[in-house]
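# Inside the fold
In case you want the letters, here they are:
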Amino acid sequence: MTNRQKDLLLEEVRKYHQERSQEKEFIPGVTPVLSSGAVLDEDDRVALVDAALDMRIAAGVHSRRFESAFARTLGMRKAHLTNSGSSANLLALSALTSPQLGDMRLKPGDEVVTVAAGFPTTVNPILQNQLVPVFVDVDLGTYNASLAQIEEAVGPRTRAIMIAHSLGNPFPVAEVAELAKERDLFLVEDNCDAVGSLYQGKPCGSFGDVSTVSFYPAHHLTMGEGGCVLTNNLPLARIIESFRDWGRDCWCEPGEDNRCLKRFEYQLGTLPKGYDHKYTFSHVGYNLKSTDLQAALGLSQLRKLPEFSEARRRNWRYLRTALDGVPGLLLPEPTPGSDPSWFGFVITVDPEAPFTKSGLVDFLESRKIGTRQLFGGNLTRHPAYQDREFRVVGDLRNSDIITDHTFWVGVYPGLTSEMLDYVADSIREFALKHS
Ligand SMILES: Cc1ncc(COP(=O)(O)O)c(C=O)c1O
């Protein structure tokens, strides 16, 4: 295909997008008000088709370009794309078990401090690596654990902390990173819900030894599916790449041979000298890679991160102001020192209120307003964790309150002020009617 043919095709793609995406009128009660969703414009569609026309189907040039641009955005030295945020979490924690880390490596039975109220795949890699989760509670309002709670949970076998910024609201990550440094613990920062959030003026995802991101459509940037692991530690970055790419020792790009110029000269393990480095495995790894089509979409999305973040902040403030003073509701608060790029607008119905969360959620859903739970609520109460070894420090009272009384509505950039008014009016109407 000539460049001219391609330009013509992409021009047609642009027209197709414009024709398909005429603004539709918002009809309250008929048009769904989603809690989250991908915001995709004509540049995104063109980026995807452009990459498809090139038929670069495995990870390649777009992936490398995205990794360096995204690392720069978060002020990190290395980023490695994965096929999901859950894979990024699995990869980040698994990398810390590498024998190449010597005495620092996480070993079976070591403890990892985390929170009980959150998303399962922040916790699952702990169990999948034969490590022991130590659960702490979170505060209502910020939905994050405090430094004191995390510090109290650190015991003699504790070797790492792995916590997510709750719905985009940073946990006190600078102080937790300081604690981790003092106690020789790894900090894994699950930044899946907080790309664009700041803590003490610095991007979330830049504090941990390792941090992770999700690019699922509900998140701040999307690739359809996708994720990323970031670090400033170059030896650790090599380990991350190895675990992601089948556990191999070699670091050639796909389709590339002999980048190290010693492909047939190594002697590793008990292999014969000169055994092909491309097929030498230094870790019990996975294949968690993503594709270039995903990265092409990611690059196009990344350009819009500032406007997406601003829209999330603006939409959150809109709801926060509109719902101030509504009886029976505990409204969200940013963690002191933070400037969140919110994932959602989280509300706890006061357990003493004359109405219930389920009543309010049913009412909103009947009005086509999408609601979501604070993920698993208290994860320790789920069937998946019943027979697993874990430790709980303090009680999980607030996590239980979250399970019973908390939900969230959307603030994603696809929402208009008409939609937000409808959401706020509906919540206010229900609360006032039942108070
Ligand atoms: C905090 C957190 N961590 C990890 C994930 C997993 O991301 P993914 O859906 O891309 O696997 C999510 C998903 O929403 C999440 O909210």
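Analysis parameters
Residues numbered from 1 in each chain as written. Predicted model: local features only at pLDDT ≥ 70, side-chain atom pairs only at ≥ 80, totals over all residues. Heavy atoms only, no water. Axes fitted to C-alpha atoms, helices over the stretch in contact; angles between N-to-C directions. Helix = DSSP H or I, 4+ residues; strand = E, 2+ residues; numbered from the N terminus. Parallel < 35°, antiparallel > 145°, perpendicular 65-115°, else oblique. Left-handed = near helix turned anticlockwise from the far one by under 90°. Contact = heavy atoms within 4.5 Å. Buried < 20%, exposed > 50% of the residue type's maximum accessible area, 1.4 Å probe, protein only. Near = heavy atom within 4 Å. Polar contact = N/O pair within 3.5 Å; in protein donor to acceptor, adjacent residues only side chain to side chain. 1 Å grid on protein atoms, 1.4 Å probe; cavity = no way out; pocket = protein on both sides within 12 Å on 5 of 7 lines; lining within 4 Å. Sits in = over half its atoms within 2 Å of the grid points. Disulfide = S-S within 2.5 Å. Salt bridge = Lys/Arg side-chain N within 4 Å of Asp/Glu carboxyl O. Pairing = 2+ DSSP bridges. Points joined across faces, edges and corners; volume = space filled by probe spheres on them. Nonpolar A, V, L, I, M, F, W, Y, C, P; charged D, E, K, R; others polar.

### As for the packing of helix α4 (residues 85-95) against helix α8 (residues 234-244)
Here α4 crosses α8 at 125 degrees, and the two axes come no closer than 9 Å. With respect to each other, α4 and α8 are oriented oblique. As for the relative orientation of α4 and α8, their crossing is right-handed in sense. Here α4 contributes L91, S94 and A95 to the contact with α8, which in turn contributes L236, I239, I240, F243 and R244.

### Description of helix α9 (residues 292-302)
In terms of burial, α9 is largely enclosed, as 10 of its 11 residues are buried. Among the residues making up α9, those that are buried are D292, Q294, A295, A296, L297, G298, L299, S300, Q301 and L302.

### Description of the site of the ligand
Taken together, the neighbourhood of the ligand is formed by 16 residues, with G85, S86, D190, D193 and S214 sitting nearest. D193 places a polar side-chain atom, nitrogen or oxygen, 2.8 Å from an oxygen atom of the ligand. For the ligand, an oxygen atom lies 3.0 Å from a polar atom in the side chain of H219. One can see that the ligand is located within the second largest pocket. Mapped onto the shell around the ligand, the elements with two or more residues apiece are α4 and α5 (120-128). With three residues, α4 is the largest single contributor of residues to the shell around the ligand.

### Structural notes on the state of the cysteines
Disulfide: a covalent bond connecting the sulfur atoms of a pair of cysteines. In total, this model carries zero disulfides according to the counting rule given. Cysteine C192 is unpaired, with the sulfur of C228 as its nearest cysteine sulfur at 10.0 Å. Just so you know, C204 is unpaired, no disulfide at all, and the nearest cysteine sulfur is the one on C192, 12 Å from it. C204 gets classed as buried once you look at its relative accessible area, which sits at 0%.

### Details of the pattern of salt bridges
Enumeration over the complete set of coordinates arrives at 29 salt bridges. Put simply, D110 and R159 hold a salt bridge, and the shortest N to O gap is 3.7 Å. Here R159 lies in strand β4 (residues 158-164) and D110 lies in the loop between α4 and β2 (111-115), a separation of 49 residues in the sequence. Of the residues examined, D110 reaches a relative accessible area of 5% and is grouped as buried. What makes R159 buried here is its relative accessible area of 15%. The salt bridge involving R397 is made with D395; its shortest N-O contact spans 3.7 Å.

### Notes on the pairing of strand β9 (residues 227-231)
Counting buried positions along β9 gives five out of five residues, so the element sits mostly inside the fold. Here β9 shows a buried face lined by G227, V229 and T231 and a second buried face lined by C228 and L230. Sheet topology note: the strand β1 (residues 78-82)/β9 ladder contains five bridges and is antiparallel. If you follow T82 over to β9, its bridge partner there is G227. Two strands pair when backbone bridges link them, and strand β8 (residues 210-214) and β9 are joined in this way by five bridges, in the antiparallel orientation. Across the sheet, the residue bridging to T212 is V229, located in β9.

### Side note on the sheet that holds strand β10 (residues 329-330)
Here we have three strands laid out as an open sheet, ordered β10-β12-β14, and antiparallel in their pairing. Either end of the sheet is taken by a strand with one partner, and the two such strands are β10 and β14 (406-409). Pairing of strand β12 (residues 345-349) with β14 involves four bridges; the strand directions are antiparallel. Of the residues in β14, the one forming a bridge with F345 is V409. Against the sheet, helix α10 (residues 305-323) touches β12 and β14, its axis set at about 30 degrees to β12.

### Digging into α5
Burial analysis of α5 places seven of its nine residues in the buried class, the great majority of the element. Within α5, burial applies to T121, T122, V123, N124, P125, I126 and L127. Close packing links the buried residues of α5 with α4, β2, β3 (132-136), β4 and β5 (186-190).

### Focus on empty space enclosed by the protein
This structure, assessed with the given rule, holds two cavities of 30 Å³ or more. Roughly 50 Å³ of internal volume is contained in the largest cavity. The wall of the largest cavity is formed by G37, A38, V39, P217, H219, H220, L221, T222, Q301, F308, R312 and P413. Here the residues of the lining of the largest cavity sort into six nonpolar, five polar and one charged.

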